[in-house]
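Residues per chain are reported as follows:
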Amino acid sequence: MKVKKLIEDLCSELKLQSDPARAIQSAQYMKNLFTYYGVDATKRKVVQKPWFEELKRLEGKFDRWELIREMWAIEQREVHYVAIDWLNSWKKATIHKQDGMHLEWLITNHSWWDSVDAIASNYLGAYFKKFPEEAAEIIKDWRYSDNMWLNRSCLIYQLKYKNDVDFDLLKSLIKQYQPNKQFFIQKAIGWSLRQYSKFNPEGVRQFVAEINLQGLAKREGTKYL
């Protein structure tokens, strides 16, 4: 099964639901970094549900990452959202060690908060949990990368770990990035602390005081304290 045909079928269905006015609004909201069909999340999920079922029926007849990359090449952002939702629906048993290189490519192409956050806090988090040794090597590389989205991913991949958060690692990353005043980094610092404060409020409170966290990161990180 050729992946291009699968994508053509998906795009045809999305086009039927397109709203030109909404497309303009969506593009403006995303600072005109992407173009849109103008399909809201509810309608998109209606479209993608039978398409996902078709993919399941054809499982083994196409390369999953080839399909993801071809979808990423489509101009309209809704196709990227479908790709991310499909990626995040993959079962734990189908997560493979070599997925790391694909995830880095995905995070660093057509990057913005909407795609990076959805990937990092879901599939990336699951991948790192399944392959901790791979995670350690990747994080060692990403944390010093010049790519801000890889830095942000290091900060937020544990958002759904609950009590399993490696707090020592998170503290180390936060200390490293604390001087970085980039909005998306400061926001990620606060977001990671806010989420973990649900499970270790005293630990977060002590850490915020210890490093004298300030500004956006502190406001976000202490929201639940």
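The subject of this paragraph is the overall build of the protein. For the protein, the count of helices and strands is 13 helices and zero strands. For the protein, the N- to C-terminal ordering of α and β elements is α-α-α-α-α-α-α-α-α-α-α-α-α. Against the compact-globule benchmark of 17 Å for 225 residues, the protein has a radius of gyration of 19 Å, which places it among compact chains. Considering only C-alpha atoms, the protein reaches an extent of 55 × 40 × 30 Å along its principal axes. Within the protein, the proportion of its 225 residues that are buried is 48%. In the protein, the proportion of contacts linking residues at least 24 apart, taken out of those at least 6 apart, comes to 71%. Looking at the protein as shown, the accessible area adds up to about 11800 Å², and 50% of this sits on carbon and sulfur atoms. Both charge centroids of the protein, one from 36 positive and one from 29 negative side chains, sit 5 Å from each other.

Glancing now at the packing of aromatic side chains. Considering all chains together, one arrives at 19 aromatic pairs under this definition. Considering the side-chain rings of Tyr36 and Tyr81, the 6.5 Å spacing of their centres and the 50° angle between planes classify their relative orientation as tilted. Within this pair, whereas Tyr36 is found in the loop between helix H2 (20–29) and helix H3 (41–57), its partner Tyr81 is found in helix H5 (residues 77–88), the two being separated by 45 residues in sequence. By relative accessible area, Tyr36 is classed as buried at 11%. Between Trp149 and Phe184 the ring centres are 5.0 Å apart and the planes differ by 50°, which places this aromatic pair in the tilted class. Linking Trp149 in helix H9 (residues 148–156) with Phe184 in helix H11 (residues 183–196), this pair joins segments that are 35 residues apart in sequence. For Phe184, a relative accessible area of 11% gives the class buried.

Conventions and cut-offs
- Residues numbered from 1 in each chain as written.
- Predicted model: local features only at pLDDT ≥ 70, side-chain atom pairs only at ≥ 80, totals over all residues.
- Heavy atoms only, no water.
- Helix = DSSP H or I, 4+ residues; strand = E, 2+ residues; numbered from the N terminus.
- Rg over C-alpha atoms; globule rule 2.2 N^0.38 Å.
- Buried < 20%, exposed > 50% of the residue type's maximum accessible area, 1.4 Å probe, protein only.
- Contact = heavy atoms within 4.5 Å.
- Areas by Shrake-Rupley, 256 points an atom, 1.4 Å probe, with all protein chains shown as cover.
- Lys, Arg positive; Asp, Glu negative; His and termini not counted.
- Charge placed at Lys NZ, Arg CZ, Asp CG, Glu CD.
- Phe/Tyr/Trp six-rings, centres within 6.5 Å; stacked < 30°, edge-to-face > 60°.

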